[in-house]
Amino acid sequence: MTITLESSIIHILNTAEEYPILSNRPFLLDSEVKDYLTKTIEKTISSDDVKNCFFRSETNIWQQCKDVSWDLISVSQSIAKEMFIIMRRNKEIPVADLLFGIANVDSHRYFFMLKLDYRSAFTHFVKTIDSQISINIIQRHALFPAQAPKIVEGFLIDMDMPSVKVIERKYMVDGIKDFYISTQILGCTESKTPRQKTTKLLQVAEKIANLYYSDEDEMDIHISTTMHEELQKGQVLSVENLGQKFFSKNLAAQEEFFERLSAVDISRDEELSLSERFQRKFQKQAIRTSSGVEIKIPTQVYSNADEIEFINNPDGTVSLLIKNIEL
C-alpha cells in the first residue's frame, strides 16, 4: 500500500472545556510524524472493522468535497464543531483530538479524519519550591500512543466518488445505543464489512448443512477445512467458489445457499478480502467439553484420520482419539 500525505490539521476536542480548540493552520509534517500517520492510516484501512459506505446525494459533506473552493481548514473545523456538540451532549464518547488531512492511497485521493483518543501515562514534573528543585511523578492524560494506534473512530472519503470508508463504535447517543459518525456526521449508508459478510456466510452455510445433511459434525469439519484451504491460497475468498466446495455433492443445497446469501445482500460473484488477523481464527478448531476442557486442533489435521478420530458413542456423545503422540 502506497500512502502519500499532502497536508494535515489537528483540532482538540476536550469536552471538559466549553469550546473546542480549533487550529487555523495545517501543521508541518516532518519524517517521523509522516511515518506515524501513514502507518496509522494503513492500519485503519486494513482493519476488518472498516465499513464501505455510500453518501446520500443530499449529504452536506459530500457536496463540500465536490466544491471547487474546497478548503481543508474550514471543512475540518465545521466537522470538529459538530463532533464537539455531540460529544458534550453524550459524555460516554471519549475526549480526543481530531486529525484531518488529505492523503493519496494507491492512486485514490482521500479526505480523512482519525479520532485520536487520549492515553494516560506517568512522567516526571519539575518545579521549584523555596528556591529548591522538586521532582515529582505525575500522570498525563492527553497523550498519543508511541506506536501507530488502532483507530476505533474515523473515516476516509474518496474525493472522486460518493463513497467513504468508516470505522466507528456504538455509544449511548441521546438515549440510544448507536453509531453517530456515519448517521449524524457523514449521513451515509452502510455496507457490510468483509469480516461481517464472512461471518454471515458461515452462519448461512451452517443452516444449510443442518437442513440437507444428517452428519452435522462431519459437515462442520468440511466447512472449516475448506475455509482454511482457501485462505492458504490467498487473502481473498470467492463466495461462489466457497459455495461450490461446501456443497459440491448437493446442487439443491448449493443453490439454496446462494439464495439465502442474496437475501442478506451477499452476491455469489463477490470476493471478500480478509486481514491476516481475522484469517488466524480459521487456523485452529476448538473443542470444548461440558466440564470445561478445551482442546485446539490445527485445521489442517482436523479431518486427517491418521492424526485424530471422532468416535460416536451409543449414548449420543462423541469421543476424541488423538493418535501418534510422542512423549
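All of the points below concern the structure found in this document.

What counts as what
- Residues numbered from 1 in each chain as written.
- Predicted model: local features only at pLDDT ≥ 70, side-chain atom pairs only at ≥ 80, totals over all residues.
- Heavy atoms only, no water.
- Patch = residues over 30% accessible without salt bridge, like charges linked within 9 Å, V, L, I, M, F, W, Y side chains within 5 Å.
- Areas by Shrake-Rupley, 256 points an atom, 1.4 Å probe, with all protein chains shown as cover.
- Salt bridge = Lys/Arg side-chain N within 4 Å of Asp/Glu carboxyl O.
- Buried < 20%, exposed > 50% of the residue type's maximum accessible area, 1.4 Å probe, protein only.
- Helix = DSSP H or I, 4+ residues; strand = E, 2+ residues; numbered from the N terminus.

## Thoughts on a nonpolar patch on the surface
- A contiguous nonpolar surface patch, about 330 Å² in accessible area, is contributed by V293, I295, I322 and I325.
- On the accessibility criterion, I322 (41% relative accessible area) is partly exposed.

## Some thoughts on the pattern of salt bridges
- Counting across every chain of the model gives 14 salt bridges.
- One salt bridge in this structure joins E153 and K115, with 3.1 Å as the shortest N-O distance. Here the residue E153 occupies a position in the loop between β6 (132-143) and β7 (154-158), and K115 occupies one in strand β4 (residues 108-117), the gap between them amounting to 38 residues. The same class applies to E153 and to K115, which are both buried.
- Across the pair R260 and E256 runs a salt bridge, and its minimum N-O distance is 3.0 Å. Of the two residues, R260 and E256 both sit in helix α8 (residues 251-263), four residues apart, roughly one turn of that helix.
- What makes R260 partly exposed here is its relative accessible area of 31%.

## Concerning unusual backbone geometry
- The phi dihedral of S107 is positive, around 75°, even though this residue is not glycine.
- By the element assignment, S107 lies in the loop between β3 (96-105) and β4.
- Owing to a relative accessible area of 72%, S107 belongs among the exposed residues under this scheme.
- Although it is not a glycine, D174 sits at a positive phi angle of roughly 55°.
- Summarising the element assignment, D174 is placed in the loop between β9 (171-173) and β10 (176-178).
- With relative accessibility at 43%, the residue D174 sits in the partly exposed group.

Take it as geometry only, folks, not as evidence of what the structure does.
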